[in-house]
Amino acid sequence: WTGLGGGNPWASTSSSITIAANDRYFVDTSGAAKTITLPASPQVGDQVSLLDLAGTFDTNNLTIARNSLKIMGQAADMTVSTEDAGIQLVYTGATYGWKLTNNI
């Protein structure tokens, strides 16, 4: 079984952690900035979802660590600094790496 909407059930974290393919997390950065590290060996089509639980990504940024894979075609970590942001990434393969499913 998977959580509603596909993927693993939603969980919460207020720590810097490494997540697994298809994980979905409410991330609380109210105490300090946090780093979420992406899976090291994803399969094409794997997804991860991250949501600003406390509305504090603008004050205490979330860093999405690439774990040696690209994010949006770049060899750099992603910093999320938008209050109440919701981020969903899908792995597209080695050339472009993790891509945003919605880019609003």
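See above for the structure.
Predicted model, so just to flag it, every value in this text is computed and none were measured.

Attention now moves to the overall build of the chain. What the chain contains, in helices and strands, is zero helices and nine strands. Beginning at the N terminus, the succession of helices and strands in the chain can be written as β-β-β-β-β-β-β-β-β. By the compact-globule yardstick of 13 Å for 104 residues, the chain fits well, its C-alpha radius of gyration being 13 Å. Contacts spanning at least 24 positions in sequence make up 55% of the contacts within the chain whose residues lie at least 6 apart.

As a further point, take the packing of aromatic side chains. Enumeration over the complete set of coordinates arrives at two aromatic pairs. Aromatic pair W10 and F26: ring centres 4.7 Å apart, planes at 25°, arrangement stacked. Placement of W10 in strand β1 (residues 10-13) and of F26 in strand β3 (residues 24-27) is noted, with a sequence separation of 16 residues between them. Among the residues examined, F26 registers a relative accessible area of 24% and is labelled partly exposed.

What follows deals with the sheet that holds strand β6 (residues 62-65). The strand order β2-β4-β6-β7 describes an open sheet built from four strands, whose pairing is mixed. Only two strands of the sheet have a single neighbouring strand rather than two, namely β2 (17-18) and β7 (78-80).

Cut-offs applied
Residues numbered from 1 in each chain as written. Predicted model: local features only at pLDDT ≥ 70, side-chain atom pairs only at ≥ 80, totals over all residues. Heavy atoms only, no water. Helix = DSSP H or I, 4+ residues; strand = E, 2+ residues; numbered from the N terminus. Rg over C-alpha atoms; globule rule 2.2 N^0.38 Å. Contact = heavy atoms within 4.5 Å. Phe/Tyr/Trp six-rings, centres within 6.5 Å; stacked < 30°, edge-to-face > 60°. Buried < 20%, exposed > 50% of the residue type's maximum accessible area, 1.4 Å probe, protein only. Pairing = 2+ DSSP bridges.

The values reported here are purely geometric and, on their own, carry no functional implication.
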